[in-house]
Amino acid sequence: MNILPKMLIASALVSPLTTGKPLPQLKGEFLTGRQAQLPDAASGRVALLALGFTYNSRFRVEAWIGRFRKDFGSNSKVTFYEIPMIGGMARLGKWFIDSGMRKGTPRNDQENVITVYGGTDSWKQRVDYASPDAAYLVLLDKHGAVRWRNSGAFDEKAYKDLYVQVSALLREP
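Residues numbered from 1 in each chain as written. Predicted model: local features only at pLDDT ≥ 70, side-chain atom pairs only at ≥ 80, totals over all residues. Heavy atoms only, no water.

With respect to the overall build of the protein chain
Okay, step 1: In terms of helices and strands, the protein chain carries 5 helices and 7 strands.
Okay, step 2: Along its sequence from the N terminus, the protein chain presents helices and strands in the succession α-β-β-β-α-β-α-β-α-β-β-α.
Okay, step 3: Across the 173 residues that make up the protein chain, the buried fraction comes to 39%.
Okay, step 4: Within the protein chain, contacts between residues at least 6 apart in sequence are counted, and of these 72% link residues at least 24 apart.
Okay, step 5: When the accessible surface of the protein chain is totalled, it reaches about 9,700 Å², and 55% of it is carbon and sulfur. (Helix = DSSP H or I, 4+ residues; strand = E, 2+ residues; numbered from the N terminus. Buried < 20%, exposed > 50% of the residue type's maximum accessible area, 1.4 Å probe, protein only. Contact = heavy atoms within 4.5 Å. Areas by Shrake-Rupley, 256 points an atom, 1.4 Å probe, with all protein chains shown as cover.)

Observations regarding the confidence of the model for the protein chain
Okay, step 1: With 88% of its residues at a pLDDT of 70 or more, the protein chain has an overall mean of 89.
Okay, step 2: Across residues 6-11, confidence stays below pLDDT 50; counting only partners more than four residues off in sequence or on other chains, it has 2 contacts. (pLDDT = per-residue confidence, 0-100.)

Digging into the nonpolar core
Most often, soluble globular proteins have nonpolar side chains that are buried together.
Okay, step 1: Counting 23 residues, the largest nonpolar core has L23, L38, L49 and I83 as the members making the most contacts within it.
Okay, step 2: Those elements that place two or more of their residues in this core are β1 (26-30), β2 (35-38), β3 (46-52), β4 (78-86), β5 (114-117) and β6 (135-140).
Okay, step 3: With residues near it in sequence (within four places) discarded, L38 still touches L23, P24, Q25, L26, L49, Y81, I83 and I114. (Core = buried A, V, L, I, M, F, W, Y, C linked by side-chain atoms within 4.5 Å.)

Focus on the pattern of salt bridges
Okay, step 1: With the rule as written, the count across this model stands at 7 salt bridges.
Okay, step 2: In this structure, E111 engages R34 in a salt bridge whose closest nitrogen and oxygen atoms are separated by 2.5 Å. Of this pair, E111 sits in the loop between α3 (94-104) and β5 while R34 sits in the loop between β1 and β2, and the two are 77 residues apart along the sequence.
Okay, step 3: We note a salt bridge from D71 to R67, for which the minimum N-O separation is 3.5 Å. (Salt bridge = Lys/Arg side-chain N within 4 Å of Asp/Glu carboxyl O.)

A look at the pairing of β4
Okay, step 1: By the criterion of burial, β4 is predominantly enclosed, with 7 of the 9 residues buried.
Okay, step 2: Here 7 bridges tie β3 to β4, and the two strands are oriented parallel to one another. Its bridge partner being in β4, V46 is matched across the sheet by V78.
Okay, step 3: Examined bridge by bridge, β4 and β5 share 2 bridges and lie parallel to one another. From the neighbouring strand, I86 faces β5, where its bridge partner is Y117. (Pairing = 2+ DSSP bridges.)

Structure follows, in C-alpha cells:
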C-alpha cells in the first residue's frame, strides 16, 4: 500500500485547537536536554504557550513572553513556554540550532524553552497558521485545557484580554 495517501488522510484529520478542550500532546526537548511533553509539563499551573514557526517569529514570541513574564513571572501558579517549531530540512541542524539557542538563553530560562522538531504541519493546522512570522499563543488552564488563543505581533488590547483570562483562572479553586 502506498504510504503517501495514508499520510495525507492523517494530516487532513487534524482539527484546530478548541477552547475548553485538552491540548493534544506536544513532545519536544527543553534547552537543558530533558524531554518535554505538554500539557503534562505545565500540570497544575496556568501556562502560556508561544509557538513560532520561523526564525523571525522569535521576535514576536519574545515580545509576548516578555510582557507575560513581567506580569506573572513571580507567580508559582503560572508558567510559560517559548516553543520553536522546527520542520523540514532545518531538523538536520538540530545540534547547531539547539546549541545556538542555549548560548542565547540564560540557564535559568532554559526550562521555559521547548524545541520541537517535526510535526509542524499538524500544529500549523491546530493553531490556524496564517502568517509565517506570527507568534501563535495558547493559554492552558491548570488541567491542560485550552482557554484562550491568539496569534500575531504583540498587541496591547489582546494582551489585556489574556491578562483577564489568566487572572480569572488563578481565582478558580
